[in-house]
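Spelled out from the first residue to the last, the chains are:
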Amino acid sequence: MAYVRFDDRLSGRVRSFSHPFRVIVAERTSEVVPALQAVSEAVAGGAWAAGYVAYEAAPAVDRARVVGAPPVGLPLAWFGLFREPDPRPPELAGA
């Protein structure tokens, strides 16, 4: 199960997302821009997106960037698409 949690320590607000209806993954540099376009289209259609773009994905948007190899087993980009945030974010273990 995909689970993402964002804590705003200044306001105390918490948003969490689980059970994505779609996951968008870019494993290769050539997949990063199409993945970001798919995320943008989904958000424009009302979806919520939560995920990341790795530092090592930089050459996908600027070929002049020279970076090392991405960590083994981690994609260059990963986003879950969600219909809405969870109604009640779960408590953190040990919090």
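Let me begin by describing the structure that accompanies this report. All figures in this text were calculated on a predicted structure; none of them were measured in a lab.

Each value, and the rule that gives it
Residues numbered from 1 in each chain as written. Predicted model: local features only at pLDDT ≥ 70, side-chain atom pairs only at ≥ 80, totals over all residues. Heavy atoms only, no water. Phe/Tyr/Trp six-rings, centres within 6.5 Å; stacked < 30°, edge-to-face > 60°. Helix = DSSP H or I, 4+ residues; strand = E, 2+ residues; numbered from the N terminus. Buried < 20%, exposed > 50% of the residue type's maximum accessible area, 1.4 Å probe, protein only. Contact = heavy atoms within 4.5 Å. Pairing = 2+ DSSP bridges. Axes fitted to C-alpha atoms, helices over the stretch in contact; angles between N-to-C directions.

Moving on, we come to the packing of aromatic side chains. Within this structure, the stated rule accounts for three aromatic pairs. Ring centres 6.3 Å apart and planes at 75° place the aromatic pair Phe6 and Phe17 in the edge-to-face group. Note that Phe6 is positioned in strand β1 (residues 3-7) and Phe17 in strand β2 (residues 14-18), a separation of eleven residues in sequence. By relative accessible area, which is 41% here, Phe6 ends up partly exposed.

Positionally, Ala77 belongs in strand β5 (residues 77-82). A C-alpha to C-alpha distance of 4.3 Å links Ala77 and Val53, two positions 24 residues apart in sequence. Here Ala77 is in contact with Ile24, Val25, Ala26, Tyr52 and Val53, once residues within four sequence places are set aside.

In this section: the sheet that holds strand β4 (residues 48-53). Spatially, β3-β5-β4 is the arrangement adopted by the three strands of the open sheet, whose pairing is antiparallel. Bordering the open sheet on either side are β3 (22-26) and β4, each of which pairs with just one other strand. Pairwise comparison of adjacent strand axes, ignoring direction, gives a mean angle of 10° for this sheet. Two strands pair when backbone bridges link them, and β3 and β5 are joined in this way by five bridges, in the antiparallel orientation. For Val23, the partnering residue across the bridge sits in β5 and is Gly80. Sitting on the sheet, helix α1 (residues 29-44) is in contact with β3, β4 and β5, with an inclination near 155° to β3.

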